[in-house]
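# Structure assessment
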Amino acid sequence: MGVIEMGGQTYVLFSPLTEVQKKLLALWDMPADLCENVTRAFPKAPPLNINEP
């Protein structure tokens, strides 16, 4: 997971969950899409142009 701020906006970036993380969520009776739901609360990060100086 990463949190970045650009242009006054806060963005949250999540990597896909591993199988272990999915199993832990299931053991804790948490929904499998919990992390996806958290990221929906923040705007989608714009694509980065790595060619800019």
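Predicted, not measured: the structure shown is a model, and the values here were computed from it.

Counting its regular elements, the chain contains two helices and two strands. Mapped in sequence order, the helices and strands of the chain form the string β-β-α-α. Residue burial in the chain is summarised as follows: out of 53 residues, 8% are buried. The contacts in the chain between residues at least 6 apart in sequence include a share of 42% that link residues at least 24 apart.

Of all residues in the chain, 72% attain a pLDDT of 70 or more, and the chain-wide mean is 77. Taken element by element, the predicted model of the chain shows its lowest mean pLDDT in helix α2 (residues 34–39) (74) and its highest in helix α1 (residues 19–27) (91).

Once that is clear, we can look at a nonpolar patch on the surface. On the surface, a nonpolar cluster with roughly 540 Å² of combined accessible area is contributed by Val20, Leu24, Leu27, Trp28 and Met30. With respect to the element layout, Met30 can be found in the loop between α1 and α2. A relative accessible area of 37% places Met30 in the partly exposed class.

In the sheet, strand β1 (residues 2–6) pairs with strand β2 (residues 9–13) via five bridges, with the strands oriented antiparallel. Note on β2: the bridge partner recorded for Met6 is Gln9. The antiparallel hairpin formed by β1 and β2 contains two residues in its connecting segment, where Gly7 sits at a positive phi of about 55 degrees.

Let us look at the environment of Ile4. The residue Ile4 is located in strand β1 in this model. Assessed through its relative accessible area of 31%, Ile4 is described here as partly exposed. If sequence neighbours within four positions are ignored, Ile4 has contacts with Gln9, Thr10, Tyr11 and Leu13.

Below, the discussion takes up the pattern of salt bridges. Inspection of the entire model under this criterion finds one salt bridge. Note that Glu19 is salt-bridged to Lys22, the shortest N-O span being 3.4 Å. Of this pair, Glu19 and Lys22 both sit in helix α1, three residues apart, which is roughly one turn of the helix. Here Glu19 falls in the exposed class, since its relative accessible area comes to 52%. Residue classification places Lys22 among the partly exposed residues on the basis of a relative accessible area of 40%.

Parameters at a glance
Residues numbered from 1 in each chain as written. Predicted model: local features only at pLDDT ≥ 70, side-chain atom pairs only at ≥ 80, totals over all residues. Heavy atoms only, no water. Helix = DSSP H or I, 4+ residues; strand = E, 2+ residues; numbered from the N terminus. Buried < 20%, exposed > 50% of the residue type's maximum accessible area, 1.4 Å probe, protein only. Contact = heavy atoms within 4.5 Å. pLDDT = per-residue confidence, 0-100. Patch = residues over 30% accessible without salt bridge, like charges linked within 9 Å, V, L, I, M, F, W, Y side chains within 5 Å. Areas by Shrake-Rupley, 256 points an atom, 1.4 Å probe, with all protein chains shown as cover. Salt bridge = Lys/Arg side-chain N within 4 Å of Asp/Glu carboxyl O. Pairing = 2+ DSSP bridges.

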